[in-house]
Amino acid sequence: MKDVISKEHVFFHPIDKVWNAISKEEEISTWFINADFKAEPGYAYTFNSKGEDCAQITGVVKKALPYTLIYTWIVQDTHVETIVTWKLEETAGGTKLYLEHSGIANYPGETAVKMFSSFKGGWDRCISDLTQYLKQEVHAG
């Protein structure tokens, strides 16, 4: 089974605007998930999602440099730690995002397959929601 979900996307927005959207608690809570989050190494964060099939996510920020953010990701009641990595790169027309979620094979048996599928779809929605959020921010003035 594949152990890593990788996504790439180009946003037609400045790198600092994308960085703020993925690293600032108030912005994460607006477009992604209700967050108690600080982009500071060692910070123990909590994401509280809404919805019937959603579970709380906790973890620790491992790295938070300008344009690179890495944190652990533990789904409530699983005790399995995976790693989420966001990297941004400035491009001529905006910002290229590299998103990676690794360590999914740490889940036992069929759970790993189910989690991989769930995370893959979730990250697709995440990038779509981030795209919409950034478009609204630009037009908001």
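This section reports on the structure supplied with the text. Every chain is numbered independently, its residues counted from 1 as its sequence is written. Restriction of local features to residues with pLDDT of at least 70 applies here, the model being predicted, together with a cutoff of 80 or more for giving and counting side-chain atom pairs; totals for whole chains, interfaces and linings are based on all residues. Side-chain measures were taken over the full set of non-hydrogen atoms in the model, leaving aside hydrogen atoms and water.

Attention shifts here to the environment of V4. Think of it this way: any DSSP run of H or I at least four residues long counts as a helix, any run of E at least two long counts as a strand, and we number them from the N terminus. For V4, the location among the structural elements is in strand 1 (residues 4-11). Separated by 24 residues in the primary sequence, V4 and I28 place their C-alpha atoms 23 Å from one another. Here, residues are in contact when the closest pair of their heavy atoms is within 4.5 Å. Other than its neighbours up to four places away in sequence, V4 contacts E100, H101, S102 and F116.

Taken in spatial order, the seven strands make up an open sheet running 1-7-6-5-4-3-2, and their pairing is antiparallel. Edge strands, defined here as strands with exactly one partner in the open sheet, are strand 1 and strand 2 (34-36). Sheet twist, expressed as the average angle between the axes of neighbouring strands with direction ignored, equals 20°. In this structure, strand 1 lies alongside strand 7 (residues 94-102), joined through eight bridges in antiparallel fashion. Of the residues in strand 7, the one forming a bridge with S6 is E100. For helices, the fitted line uses only the C-alpha atoms of the stretch in contact; every axis is such a line through C-alpha atoms, and the angle between N-to-C directions lies from 0 to 180 degrees. Running at roughly 165° to strand 6 (residues 81-91), helix 1 (residues 15-23) makes contact with strand 1, strand 4 (57-65), strand 5 (68-75), strand 6 and strand 7 of the sheet. At least two DSSP bridges between two strands are needed for those strands to be called paired.

Our focus in this paragraph is the side chain of S102. The residue S102 is located in strand 7 in this model. Burial classes follow relative accessibility: with a 1.4 Å probe on protein chains only, a residue under 20% of its type's maximum area counts as buried, one over 50% as exposed, and anything between as partly exposed. Residue class for S102 comes out buried when judged on its relative accessible area of 16%. Those residues in contact with S102 that lie beyond four places of it in its chain are D3, V4, T82 and I83.

Grouped burial of nonpolar side chains is what soluble globular proteins tend to show. In this description, a nonpolar core means a group of buried Ala, Val, Leu, Ile, Met, Phe, Trp, Tyr and Cys residues linked to one another through side-chain atoms lying within 4.5 Å. Membership of the largest hydrophobic core comes to 40 residues, with the highest contact counts inside it found for F37, F47, Y71, W73, W86, F119 and W123. The element best represented in this core is helix 3 (residues 109-139), accounting for 10 residues. Not counting the four nearest positions on each side in its chain, F119 is found in contact with I5, W73, V75, H101, I104 and Y107.

Note on aromatic pairs: each is described by the distance of the centres and the angle between the planes. By convention, a stacked pair of Phe, Tyr or Trp rings (six-membered ring in the case of Trp) has centres within 6.5 Å and planes under 30 degrees apart, an edge-to-face pair has planes over 60 apart, and any other such pair is tilted. In the structure shown here, the tally under the stated rule is 15 aromatic pairs. Between F32 and F47, the aromatic rings sit 5.8 Å apart at their centres with planes inclined by 75°, giving edge-to-face as the arrangement. In this pair, F32 is assigned in the loop between helix 2 (25-31) and strand 2 and F47 in strand 3 (residues 44-48), connecting sequence segments 15 residues apart. Classification of F47 by relative accessible area gives buried; the value is 1%. An aromatic cluster of at least three residues, connected via ring pairs, comprises W31, F32, F37, Y45, F47, Y71, W73, W86, Y107, F119 and W123.

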